[in-house]
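# Observations on the three-dimensional arrangement
Below, each chain spelled out in residue letters.
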Amino acid sequence: MIQIKHISKKYYIPHIQRTTLFEKIVGFIKEKNSLEEFYVLKDISFEIEKGEIFGIIGNNGCGKTTLLKIIGGIISPNSGTVHTKQRIVSFLDLGIGFHPELTARENIYLYGTIMGITQKKLNKEFEEILHFAGVERFADMKLKQFSSGMAMRLAFATMIRTEFDTIILDEVFAVGDLEFKKKCVNELMKFKKQGKTIIITSHGMDAIIDLCDRAMLLEDGKIKAIGKPEEVVQAYIVNDTK
Amino acid sequence: MIDFNLIKELVKTDFKLKYYGSFLGFFWSLLKPFLMLGILYFVFTYFIKVQIPKFALFLLLGIIIWNYFIDTTNDSMNSIKAKSKMLTKTRLSPGTLVIAASIHNAITLLLNLLVFFIIFFVGGHPLGYVSLYFIVLFILLICIVTSLSLVVILLNIRFTDFKHIWDVLTQILFWATPIVYNLDYVTTNFQRWFLLNPIARIIVDARAVILYNTFPELKQIIITFIISIAICVICYYIYKKNKERVLEFL
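Quick look at the structure, then. Source: prediction; values computed, not measured.

### Considering the sheet that holds strand β7 (residues 197–201) of chain A
Residue and element names in this part refer to chain A. Read across the sheet, 6 strands follow the order β5-β6-β7-β3-β8-β9 without closing on themselves; strand pairing throughout is mixed. The open sheet has two free edges, formed respectively by β5 (88–91) and β9 (222–227), since each of these has just one partner strand. Going across the sheet, the axis of each strand differs from the next one's by a mean of 15°, ignoring polarity. Judged from the 4 bridges that link them, β5 and strand β6 (residues 166–170) form a sheet pairing that is parallel. Looking at the pairing, V89 lines up with I167 of β6.

In structure tokens:
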């Protein structure tokens, strides 16, 4: 179980963006930099049960990815806590660790290691990863020659080899062809059977209704609705048409 | 919490990426200090007549140590920029990338030292027991450069023009470090300031023990240790304190 308690996260929006040191010095002499606090997440509390598929929906910029990053331990919140004993792996962007100048083989090893897969496991399951991604013939081709879809499949295939209790997937269904989507769904169902928790975000409402046991609607960093996927999606649609 | 497996993989990747598609490959790393040596040796023996015993070896040792410092800081900055997406989307910490860059360059440093010692022995120079102290200096050097790099990358992420500033700063530091000259050329008032620079101290001591078979004074050794440890602790503290905030700028 993952308990999320009173999570808040704020960012500062500078009214005059200064990124170079020179601008900073000049700006310091001329006027004080005014910063506006901006809460991406405001006092969020909810629980995710073990073994469920939990969907998060909401408009762009509502705080979905920030929330996922906090749950995955990539960034820490300004206040609040995430309680869990589970090993969480997050998959926030497809092919993030991939380097275009390296071959598929080298990329699998690099990315796999970053995600915490041991060398031994990678050696053993290397062929399976290539097979799942459907790129067996291109193992020693540089990644820059891959199509973006192929690279993405490779990333997904590598990622699911990590050992985890909970997996976080951000917009995975937005890309990939039909066949690969089906493969992904099958894989997710397999995870579910093994009692693993899955957290997904999607703008595809069908996917949320079909897959999720529970869903949550975020709006401006607050929980608008949480519960049965059908109802939450309904709330989102109603909210949107207003 | 250092993942050695990950560091090994990153070091391997660094090596591969650095020499991909280059004709001479790894030999560039060995060639670079010698090209620098050639230029500096020519200028400082024919135009500006520097009177230093064993000047070629003197220069080479300084250049090798200096290059480790420059390459580690630059590689760290490049590595962070190249892997920025990984840093914001996985639990990979920027410190791990710095350690990988440092190890990768330490290996290059070791190979450069190997070449240095081959030349040293071929030239028929004797090596005294005091040169064992160089092992200590080597470890200090790696600690200092790695910790400095931790702060350098934070500044580089935070300020987009830091790289240009760093270029100029290292140019100044290069001439403010006794690499092409020794401390005898520096007036006594200045020497104190020069010796606040830990890399200068390491270069001076390394030359003393390897080339001239003299051991630094105990007082100087203690000062070297204090400065080195202070830099490591301060840099690490700055890194720990600001890491997360700075990553938001990536």
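From this point, things continue past the structure.
### Points about the interface of chain A and chain B
Counting residues at the interface gives 32 residues for chain A, matched by 24 residues for chain B. Between chain A and chain B, roughly 2600 Å² of surface is buried when both sides are summed, and carbon and sulfur atoms account for 58% of that area. At the boundary of chain A with chain B, the tally comes to 2 salt bridges. For B:K16, the salt bridge is made with A:E106, and the minimal N-O distance between the two is 3.5 Å.

### With respect to the sheet that holds strand β4 (residues 79–83) of chain A
Residue and element names in this part refer to chain A. With antiparallel pairing, the 3 strands of this open sheet are ordered in space as β2-β1-β4. Every other strand in the sheet has two partners, leaving β2 (35–48) and β4 as the edge strands with one partner each. Direction aside, the axes of adjacent strands within the sheet are offset by 25° on average. Here 10 bridges tie strand β1 (residues 2–14) to β2, and the two strands are oriented antiparallel to one another. By the bridge assignment for β2, P14 is matched with L35. Along the sheet, helix α2 (residues 64–71) contacts β1, β2 and β4; its crossing angle with β2, the most-contacted strand, is approximately 60°.

### Quick look at the state of the cysteines
Residues and elements named next belong to chain B. Under the counting rule described, the total for this entry stands at 0 disulfides over all chains. Left unpaired, C235 is separated from the closest cysteine sulfur, that of C232, by 7.2 Å. With relative accessibility at 8%, the residue C235 sits in the buried group.

### Focus: the pairing of strand β3 (residues 53–57) of chain A
All names here are of chain A. Here β3 lies mainly inside the structure; 5 of its 5 residues are buried. Along β3, one buried face is formed by I53, G55 and I57 and the opposite face, lined by F54 and I56, is buried too. Bridge analysis of β3 against strand β8 (residues 214–219) gives 4 bridges, and the strand direction is parallel. Counterpart to I57 in the pairing with β8 is L217.

Definitions and limits used
Residues numbered from 1 in each chain as written. Chains lettered and ligands numbered in written order. Predicted model: local features only at pLDDT ≥ 70, side-chain atom pairs only at ≥ 80, totals over all residues. Heavy atoms only, no water. Pairing = 2+ DSSP bridges. Helix = DSSP H or I, 4+ residues; strand = E, 2+ residues; numbered from the N terminus. Axes fitted to C-alpha atoms, helices over the stretch in contact; angles between N-to-C directions. Contact = heavy atoms within 4.5 Å. Buried area = accessible area lost by both parts, 1.4 Å probe. Salt bridge = Lys/Arg side-chain N within 4 Å of Asp/Glu carboxyl O. Disulfide = S-S within 2.5 Å. Buried < 20%, exposed > 50% of the residue type's maximum accessible area, 1.4 Å probe, protein only.

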